Amino acid sequence: MVTYIIRRLFAAVVLLFVISLITFFIFYVFPRLGGQTAESLASQFVGKTQSPQAIEGVIHRFGFDQSIWVQYGRFIKGIFLGYDYDTGTQMSHCYAPCLGYSFKTNELVSHSISQWLPVTISLAVGSSILWLIFGVAVGVASALKKGTLVDRASMITALIGVSLPVYFVGPLLMLAFVINWHIFPNPGYVPFAQNPVDWMTHLLLPWISVAFGLAALYARLTRVGMLDTMNEDFVRTARAKGLPERTVIFKHALRAALTPIVTIFGMDLGFALGGVVLAEQVFNLPGIGREAVDAVNQSDLPVIMGVTVVATTFIVLANLVVDLLYGVVDPRVRAS
């Protein structure tokens, strides 16, 4: 098991390095291959007053006048060791992990992301708990009541949930629970440390809108997995040994059916931590996803790169956790 963990950790580090290289090439090398010069790249960050002196200053600050590998080394050095940035008026030190400096907002990208990250984490973690609990619970109930009214109603609800996107469910929930019935306050973000109750009530509707479709998907997958494992020999053996039905279902059948659920949960959680773009846009939450869209609209290259690195890191780490959980959920992984 220790060897398995070390191997997965090493693979994750290598993958993060490859992702950083690909990200850098996409934003710095590919535009050059498309015919853009250092001056044309720098002109995107100057603003309306594009004097030769301003363009030359941006070229120097971004390092567009240096070789590609020097620029990549500077990018990696910033992530691991930090970097000093010339903002035009003063030198600004960016501590590791440094993801660049935005000359449009005149802020360090890492500082901006640290302000957006709590919103995205709150939204992603809260909604993931909802979709996992309700999805698995409905799937198990549907499998145990196969062919009954409970099964049909659950699958019809799951089909509806998969078909309804966040930008439809979100405004509908706001219209019903905020505007008409005044049950919940207007969605927003309140820091957890400031008031945990307000933090939960202001994020409950965004959680539900994100979790609704995914819970439906998890319910269908859990139902299929449970129906398959309930017919396996080890389940029949457990029943023949006289084990209680609850033990047979939750300790044997459900545990074996959770392997694909753990896989997609890691992927979904990783993507959610990288930015729940639609939910943040619908509910006007200042998270990573919404700010990334704004950065794209403003052609704010350092912010786009920083968000890309952070989002892919979350996805890689989520998959790493999933790989490690396989050994806990499925003993066959430890045996192999």
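Residues numbered from 1 in each chain as written. Predicted model: local features only at pLDDT ≥ 70, side-chain atom pairs only at ≥ 80, totals over all residues. Heavy atoms only, no water.

### A word on the overall build of the protein chain
Here is step 1: Scanning the protein chain from terminus to terminus reveals 14 helices and 4 strands.
Here is step 2: With respect to the three principal axes, the spread of C-alpha positions in the protein chain is 80 × 55 × 40 Å.
Here is step 3: Put simply, the protein chain has 336 residues, and 44% of those count as buried.
Here is step 4: Expressed as a percentage of contacts within the protein chain between residues at least 6 apart in sequence, the contacts between residues at least 24 apart total 62%.
Here is step 5: Placing the 22 positive and 19 negative side-chain charges of the protein chain at their respective mean positions leaves the two points 13 Å apart. (Helix = DSSP H or I, 4+ residues; strand = E, 2+ residues; numbered from the N terminus. Buried < 20%, exposed > 50% of the residue type's maximum accessible area, 1.4 Å probe, protein only. Contact = heavy atoms within 4.5 Å. Lys, Arg positive; Asp, Glu negative; His and termini not counted. Charge placed at Lys NZ, Arg CZ, Asp CG, Glu CD.)

### Thoughts on the packing of helix α5 (residues 109–144) against helix α8 (residues 196–229)
Here is step 1: Running from N to C, α5 and α8 point in directions that differ by 35 degrees, and their axes come no closer than 5 Å. Remark: the crossing between α5 and α8 carries right-handed chirality.
Here is step 2: Its residues assigned to classes, the contact of α5 with α8 shows 21 nonpolar, 7 polar and 1 charged. (Axes fitted to C-alpha atoms, helices over the stretch in contact; angles between N-to-C directions. Left-handed = near helix turned anticlockwise from the far one by under 90°. Nonpolar A, V, L, I, M, F, W, Y, C, P; charged D, E, K, R; others polar.)

### Here's the deal with the pattern of salt bridges
Here is step 1: Summed over all chains, the structure comprises 4 salt bridges.
Here is step 2: Put simply, Asp-233 and Arg-236 hold a salt bridge, and the shortest N to O gap is 2.3 Å. Highlighted residues: Asp-233 and Arg-236, both in helix α9 (residues 233–240), separated by 3 residues, approximately one helical turn.
Here is step 3: The salt bridge partner of Arg-290 is Glu-291, with a shortest N-O separation of 3.3 Å. When sorted by exposure, Arg-290 lands in the same class as Glu-291, which is buried. (Salt bridge = Lys/Arg side-chain N within 4 Å of Asp/Glu carboxyl O.)

### Remarks on unusual backbone geometry
Here is step 1: Even without glycine at this site, His-182 takes up a positive phi of about 55 degrees.
Here is step 2: Within the fold, His-182 resides in the loop between α7 (166–180) and α8.
Here is step 3: Of note, the phi angle at Asn-284 is positive, near 55 degrees, even though the residue is not glycine.
Here is step 4: Tracing the sequence through the fold places Asn-284 in the loop between α11 (277–282) and α12 (288–297).
Here is step 5: Among the residues examined, Asn-284 registers a relative accessible area of 55% and is labelled exposed.

### A closer look at the packing of aromatic side chains
Here is step 1: As enumerated under the stated definition, the model contains 12 aromatic pairs in all.
Here is step 2: Aromatic side chains Phe-24 and Phe-25 sit 6.3 Å apart centroid to centroid with 70 degrees between the ring planes, which places their arrangement in the edge-to-face category.
Here is step 3: Judged by relative accessible area, Phe-25 falls into the partly exposed class, the value being 23%.
Here is step 4: Feature note: the residues Phe-17, Phe-24, Phe-25, Trp-69, Tyr-72 and Phe-75 constitute an aromatic cluster, connected by ring pairs. (Phe/Tyr/Trp six-rings, centres within 6.5 Å; stacked < 30°, edge-to-face > 60°.)

Everything listed here is a matter of geometry and, on its own, says nothing about what the molecule does.
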